[in-house]
Amino acid sequence: MLEDSGSISGICAEIKPPEYDLDSKIPEPDLKSLEKDCFEALKHENNTHSICLVCDSIIRKSEEKSFKMKELPIKKMEQVLKPEKLPIAIYKCYDLSYLNAKFENMLLSVKGYHSQSKTFTICVNCYTSLKGSSKHPPKFSIANGTWFFLI
Ligand SMILES: [Zn+2]
């Protein structure tokens, strides 16, 4: 029931603001320790994962296959990884033709190439598909429509 003052009797409790110690300082972060933790995390990440050249997915090191240029199933790749009539911008996003002219118009993940070792990584699923008799691109390959780019 409303009292004359307009407040609802018995419902509102007194709310006290939390007490802060305004004189205490926020502790300084241990930058050396943070740097070390970040470095270890990145090192761990790099050692356990890589990216598939064909489907642009993160793959575990244990599930990848690593190839030199001459070891790639290049004829099959030329047959199934060159979709036609896409906007030029998409081809540019997935272009590794500067490494080899056979890669021209082929949609490949630039992160699947490792410049230091000059090797390419391909996941087991994509490799199995490329080694098979199918005339279609691997199911989750960039060439099968999993490409994207920012406008
Ligand atoms: Zn793959």
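Above: the structure in question.
Student: Would you mind showing me how to read the sheet that holds strand E3 (residues 64-67) here?
Tutor: Backbone hydrogen bonds hold the strands of a sheet together, and the pairing may be parallel or antiparallel. Ordered in space as E3-E5-E4, the 3 strands form an open sheet in which the pairing is antiparallel. Looking along the sheet, the strands with just one partner apiece sit at the ends: E3 and strand E4 (113-114). The pairing of E4 with strand E5 (residues 119-123) spans 2 bridges and is antiparallel. Bridge pairing links tyrosine 113 to phenylalanine 120 in E5. Sheet strands touched by helix H4 (residues 124-131): E3 and E5. Its angle to E5, the strand with the most contacts, is close to 90°.

Student: Would you take a moment to explain H4 for this structure?
Tutor: Because each turn of an α-helix spans 3.6 residues, side chains separated by three or four positions end up pointing in the same direction. Within H4, the full set of buried residues consists of Cys126, Tyr127, Ser129 and Leu130. Taken end-on, H4 shows its buried residues confined to a sector of 160°, consistent with a single buried face. In the core, the buried residues of H4 are packed alongside E3, helix H2 (74-80) and E5.

Conventions used here
- Counting from 1, residues in each chain are numbered in the order their sequence is written.
- Local features in this predicted model are restricted to residues whose pLDDT is 70 or higher, and side-chain atom pairs enter the listing and the counts only when it is 80 or higher, whereas totals over whole chains, interfaces and linings include all residues.
- If DSSP finds at least two bridges between two strands, the strands pair.
- The helix and strand labels rest on DSSP assignments: H or I over at least four residues marks a helix, E over at least two residues marks a strand, and numbering proceeds from the N terminus.
- A pair of residues counts as a contact when their C-beta atoms, built from backbone coordinates, are within 7 Å of each other.
- Here an axis means a line fitted to C-alpha atoms, over the contact stretch when the element is a helix, while the angle between two N-to-C directions is reported on a 0 to 180 degree scale.
- Put simply, a residue is buried when 20 or more other C-beta atoms lie within 10 Å of its own C-beta and exposed when 12 or fewer do; between those, it is partly exposed, and each C-beta is set from the backbone.
- The arc under discussion is defined with respect to the helix axis, by the directions toward the C-beta atoms.

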